[in-house]
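# Structural features, examined
What follows is each chain in one-letter form.
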Amino acid sequence: MWYAITGIDVEDSLDKRKAARPRHVARLQELLDQGRLLLAGPFPAIDAEDPGPVGFSGSLIIAEFEDLDAAKAWANADPYRAAGVYREVTVRPFRQTLP
């Protein structure tokens, strides 16, 4: 089943994001290589493709896991959690309707 993982950043998270990003993206690449990643990306803190120094306010990942517990375990092991980027993470089942 698909799960939507939403991370909400702490204030001024950009430096922490930059430091942890290679490890974060490597885990996403593993999901992609396994055919289990539907989409992933950050929420710019302002209405701009590149928010510059204001950075990002969070992230969305939609990926396939065996069950909710597996999705939560994966989300809790995210390098952004360990680096203090996220102040809150939610994991919910997701059903793709369109496209």
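Provided above is the structure to which this section pertains.
A quick note: this is a predicted structure, and the numbers were derived from the prediction, not measured.

Glancing now at the environment of Ala75. Relative to the helices and strands, Ala75 is located in helix H2 (residues 68-76). For Ala75, a relative accessible area of 3% corresponds to the buried category. For the pair Ala75 and Thr90, spaced 15 residues apart in the sequence, the C-alpha separation amounts to 8.5 Å. Contact partners of Ala75, with chain neighbours within four places excluded, come to Ile5, Arg81, Val89 and Val91.

Looking now at the pairing of strand E1 (residues 2-9). Each regular strand displays side chains that alternate between the two surfaces of the sheet. Counting buried residues along E1, six of its eight residues qualify, which places the element largely inside the surrounding structure. Here E1 pairs with strand E4 (residues 86-94) via eight bridges, running antiparallel. Note that in E4 the partner of Ala4 across the bridge is Arg92.

Calculation criteria
- Residues numbered from 1 in each chain as written.
- Predicted model: local features only at pLDDT ≥ 70, side-chain atom pairs only at ≥ 80, totals over all residues.
- Heavy atoms only, no water.
- Helix = DSSP H or I, 4+ residues; strand = E, 2+ residues; numbered from the N terminus.
- Buried < 20%, exposed > 50% of the residue type's maximum accessible area, 1.4 Å probe, protein only.
- Contact = heavy atoms within 4.5 Å.
- Pairing = 2+ DSSP bridges.

Functional significance is not addressed by these values, which are geometric in nature.
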